[in-house]
Amino acid sequence: MTSLERSNLRNGLMFCAPWLIGLTVFLIYPLVAAFYYSLCDYSVLLPPVFIGLDNYVDLMKDPLFWKSLYNTAYFAVGSVGLGVIMSLTLALFLNSKVKGIALYRTLFFLPSLMPVVAGSLLWLWMYNGESGIINNGLRAIGIHGPAWLADPAWAKTAIVIMAVWGAGNAMVIYLAGLQDVPTSLYEAALIDGAGFFQRLFNVTIPMISPVIYFNVVMSIIGGFQAFTQAFIMTGSTGAPERSTLFYVLNLYNVGFQDLRMGYASAMAWVLFVIILVLTFAATKLSQRWVTYDR
Amino acid sequence: MASPNPLNRTNPLIHLPLILLAVLFSIPLIWLILTSLQPREQVGKIPPEWLPRQHYITLQGENIPVTPPAPVGSEKVLVVPSGGEHPGKPVLVDPADYQDGTIKVSVQVADRVEEQRVPAALQQKVPGNFVIVKEWFLSKYTPHEARIFYVEPGDVHVKIKPLFGNFPEAIRALTASEKDKARPLSELLGKSTFPWTRKGDHTKTITFLTYLSNTLLVAILSVLGTVASSSMVAYGLSRIEWKGRKTLFNITLATMMVPFPVLMVPLYGVFRSLGWIGTLLPLWVPAFFGGAFNIFLLRQFFLTIPGELSDAARIDGCNEFGIFWRIILPLARPSLSVVALFQFLAVWNDFLGPLIYLTEPDTFTMALGLQQYQSQLGGSEWHLMMGASVLLVLPIIVLFFFAQKTFIQGISTTGMGGR
């Protein structure tokens, strides 16, 4: 090792020191500890007692675990799917040269800035079955609306709709992607006689597919962490009939209400593995249709 | 080129779907703001009313806001006291309180409520289904004044006018301490349960300002912490060639996939063993040790700065820290503000962290305080709840209009929205 290499190593480690500590204390240690706790009976108040794979075995037999997993998958798929369609549509409309685009962009973007707590309170009020603005609006056009958050068949959908309202965030990302697509490609497609949908599916979407891919992966990871909306709008039990009991909500109840931290850690690790698998699967899938070269 | 295609980039027909979508997206926000400006009795009407309306009676040439006429629960008598605090002003009392030409009046004397008998003349009996105007507008009150007045329905008129009083009332309502939980809700909301008097404010240790300053404290410290530490680490990962930096960078990227809920149980254990549960420390100290996403973002930017700048400084005798501090950081200002902004938003919006780590109301952040308030009310007082929500959103909206460019740039270059 030359003296330059040595001084570089020293400097590099010095600059990275905060992160090396942070990584160890706030990420790697908790991750490893969570795995150890997941093999233990642990209540925080008493030292953990090793019980092997019991927590995982119990988890597989726990109907609430499966229920919360289903609820979360429903929410993640619904909100990411509809969210992508909505944000792409908005971005396609806004990628034009007519007047007032900046105003529209602001109007679509503002809702995504809403703090989750405030947004949840607002939608709780709007979804009110009797005096809520949504059902009264539907009544005005002759539709008898459901009880939304009080109806097990609609509660999840209601939370998905609220999530789609925050599509402005992804819209900004897609808009930036669209503006980078060279116009020459569209001109070439026009000369070849491509119609609107041909241009959309053969030029626009392939050109921004890396952006879509990245955003979808991050949104699914985010979707699996849904907690606050349900906690505020339907309570920590995930009412009605546990139809909004999301995975993290269940994890919170098990860990911080029932103090079954070992069991909660097993749930945490299962969540971690699910996210890893999803990301890996998305990467594999993306190799088939994401276009990285320009 | 004239095209019938509505998605043509210059076709003005594009406004039609855009306006429709903009209306749909804006309705919730408009509804939030309008509800927060409505008086209590207007909230929850079927069909809903949009514009805030206030009811008034005109007394001695002055417009006094009142709650609209409501049926009296039981028969009352209208009497005119000839003594007491306000002789000559007609008041409505229960028949039981009017005996032998005197009425029983409760008067606040210093911190006590005293009962007095005041001579009064009977004007008329008011049947149970008559209308009265209940409660004056709160700020109009002095603690001594009677609050129920008999008014003919025709004397009441309506004006479209926003009620800004909901905001101070929401702030007062959020001012809840542990002791407050045992008190009746009506008192918590600053409304007297007894119609004649209004009790003086209880001494409160925890106020809305406590929640606000807690939130700001956490926000400022974590912004400072993450900007300082993440930029240092990003420098180490991009501007210095050292063995292992590639590995560390790959690990950093991988950790972006580990969500907080996976770590929260053992992290709780870590903070518990440090004795930090119930304090704000777990919410800002980790920021001083860098964040994977912020490091990634800043590293990508630092890589675009030409290496010659560092070399030139090195020849001039500048050490690594000097290069970082005097050359790289000033150039990275736009990226640093993106990191600072997103961190601020993350703290301001965070709910799960405060929920787990904070146990005492005097350490609550705004988001947690608002949720606690909501769980006490359990689906009522929407005007106050919306007022409080506006107070939570407003700083973010103001920030957006001042730093619009940073927001849009940050989101579109990072592909994430500060989440």
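Tallying secondary structure elements over chain A gives 14 helices and two strands in all. Seen through its C-alpha atoms, chain A measures out along the principal axes to roughly 75 × 70 × 30 Å. The buried share of chain A, taken over its 294 residues, is 44%. When contacts within chain A are restricted to residue pairs at least 6 apart in sequence, long-range pairs at least 24 apart make up 69% of them.

As a further point, take the overall build of chain B. Secondary structure assignment for chain B yields 15 helices and 11 strands. Expressed as a percentage of the 419 residues in chain B, the buried residues total 38%. Taking the contacts inside chain B whose residues are at least 6 apart along the sequence as the reference set, 71% of them involve residues at least 24 apart.

With that settled, consider the nonpolar core. In this structure, A:Met171 and A:Met267 are the most contacted members of the largest nonpolar core, which totals 161 residues. In terms of residue count, the dominant contributor to this core is helix H4 (residues 208–238) of chain B (11 residues). Among the domains, domain 1 (1–36) and domain 3 (208–414) of chain B are the pair contributing at least three residues each to this core. Setting aside chain neighbours within four positions, we find A:Met171 in contact with A:Ser87, A:Leu90, A:Ala91, A:Phe108 and A:Phe109. Formed by nine residues, the second largest nonpolar core is a distinct cluster that contains B:Val77, B:Val79, B:Leu92 and B:Ala120.

Of the residues lining the interface, 74 residues belong to chain A; the matching set on chain B comes to 79 residues. Considering each element in turn, the side of chain A that touches chain B owes the most residues, 18 residues, to helix H1 (residues 3–38) of chain A. Considered class by class, the residues forming the side of chain A that touches chain B number 56 nonpolar, 16 polar and two charged.

Note that the residue after A:Ala239, namely A:Pro240, is joined by a cis bond; omega there is -10°. Mapped onto the fold, A:Pro240 is located in the loop between helix H12 (228–233) and helix H13 (247–257). Phi is positive for A:Arg242, which is not a glycine, with a value near 60°. If you trace the backbone, A:Arg242 turns up in the loop between H12 and H13. Phi is positive for B:Asp100, close to 50°, though the residue is something other than glycine. Along the polypeptide, B:Asp100 turns up in the loop between strand E6 (98–99) and strand E7 (102–109).

The next thing to look at is the environment of B:Val393. Positionally, B:Val393 belongs in helix H14 (residues 382–402). The buried category is assigned to B:Val393, around which 22 C-beta atoms lie within 10 Å. Separated by 44 residues in the primary sequence, B:Val393 and B:Asn349 place their C-alpha atoms 9.5 Å from one another. Once residues lying within four places of it in the same chain are set aside, the contact partners of B:Val393 are A:Met114, A:Pro115 and A:Ala118.

The subject of this paragraph is the confidence of the model for chain B. All names here are of chain B. Summing up the model confidence of chain B, the mean pLDDT is 79 and the portion of residues at 70 or higher is 77%. Mean pLDDT across the secondary structure elements of chain B bottoms out at helix H3 (residues 185–188), with 34, and peaks at helix H7 (residues 281–284), with 95. The low-confidence segment residues 134–146, where pLDDT is below 50, has 27 contacts with residues more than four positions distant or belonging to other chains. Contacts from residues 177–204, a stretch scored under 50 in pLDDT, to residues over four places away or in other chains number 39 contacts. Interface confidence for the predicted complex, given as ipTM, is 0.92, next to a pTM of 0.83.

Residue and element names in this part refer to chain B. Running from N to C, helix H9 (residues 307–315) and helix H10 (residues 320–331) cross one another at 125°; their axes reach a closest spacing of 10 Å. Taken together, the axes of H9 and H10 are oblique relative to one another. The interaxial crossing formed by H9 with H10 has right-handed handedness. Residue-level contacts link Leu309, Ser310 and Ala313 of H9 to Gly322, Ile323 and Ile327 of H10. Tallied by class, residues from the contact of H9 with H10 come to four nonpolar, two polar and no charged.

Residue and element names in this part refer to chain A. It is the contact of helix H3 (residues 63–94) with H13, at a shortest axis distance of 8 Å, that shows an interaxial angle of 145°. Where H3 approaches H13, its residues Leu64, Phe65, Ser68, Leu69 and Thr72 are matched on the opposing element by Tyr247, Leu249 and Asn250. Along the lines of polarity and charge, the residues of the contact of H3 with H13 split into five nonpolar, three polar and no charged.

Moving on, we come to helix H1 (residues 15–36) of chain B. Helical geometry note: an α-helix holds 3.6 residues per turn, so side chains three or four residues apart project in the same direction. Between its terminal C-alpha atoms H1(B) stretches 30 Å, which fits the 32 Å expected from 22 residues at 1.5 Å a residue. Residue B:Ser26 marks the point of greatest curvature in H1(B), where the axis turns by about 40°; the proline B:Pro28 follows within four residues. Taken residue by residue, H1(B) has B:Leu18, B:Ala22, B:Phe25, B:Pro28, B:Leu32, B:Thr35 and B:Ser36 as its buried positions. For H1(B), the secondary structure elements touched by its buried residues are H3, helix H4 (101–109), helix H5 (116–126) and helix H7 (155–165) of chain A together with helix H2 (166–174) and H14 of chain B.

This part is about the pairing of strand E4 (residues 76–81) of chain B. Walk down a regular strand and you will see the side chains alternate between the two sheet faces. Residue and element names in this part refer to chain B. Of all the six residues making up E4, five are buried; the element is thus mostly covered by neighbouring parts of the structure. When E4 meets strand E8 (residues 112–126), the two strands line up antiparallel, connected through six bridges. Along E8, the bridge assignment pairs Val80 with Ala121. Pairing analysis gives three bridges linking E4 to strand E5 (residues 91–93), with the strands arranged antiparallel. Looking at the pairing, Val79 lines up with Val91 of E5.

Once that is clear, we can look at the confidence of the model for chain A. The predicted model of chain A has a mean per-residue pLDDT of 90, with 99% of residues at 70 or higher. The secondary-structure element of chain A with the lowest mean pLDDT is helix H9 (residues 183–191) of chain A, recorded at 85, while H7(A) shows the highest, at 95.

Okay, the environment of B:Gly322 next. Residues and elements named next belong to chain B. Relative to the assigned elements, Gly322 resides in helix H10. Residue Gly322 is classed as partly exposed on the basis of its 13 C-beta neighbours within 10 Å. For the pair formed by Gly322 and Ser310, sequence separation is 12 residues and the distance between their alpha carbons is 9.8 Å.

Conventions we followed
Residues numbered from 1 in each chain as written. Chains lettered and ligands numbered in written order. Predicted model: local features only at pLDDT ≥ 70, side-chain atom pairs only at ≥ 80, totals over all residues. Helix = DSSP H or I, 4+ residues; strand = E, 2+ residues; numbered from the N terminus. Buried ≥ 20, exposed ≤ 12 C-beta atoms within 10 Å, placed from the backbone. Contact = placed C-beta atoms within 7 Å. Core = buried A, V, L, I, M, F, W, Y, C linked by C-beta atoms within 7 Å. Domains from an automatic or database assignment. Nonpolar A, V, L, I, M, F, W, Y, C, P; charged D, E, K, R; others polar. pLDDT = per-residue confidence, 0-100. Axes fitted to C-alpha atoms, helices over the stretch in contact; angles between N-to-C directions. Parallel < 35°, antiparallel > 145°, perpendicular 65-115°, else oblique. Left-handed = near helix turned anticlockwise from the far one by under 90°. Expected span 1.5 Å × (residues − 1). Bend = angle between axes of the 7 residues up to and from the residue. Pairing = 2+ DSSP bridges.

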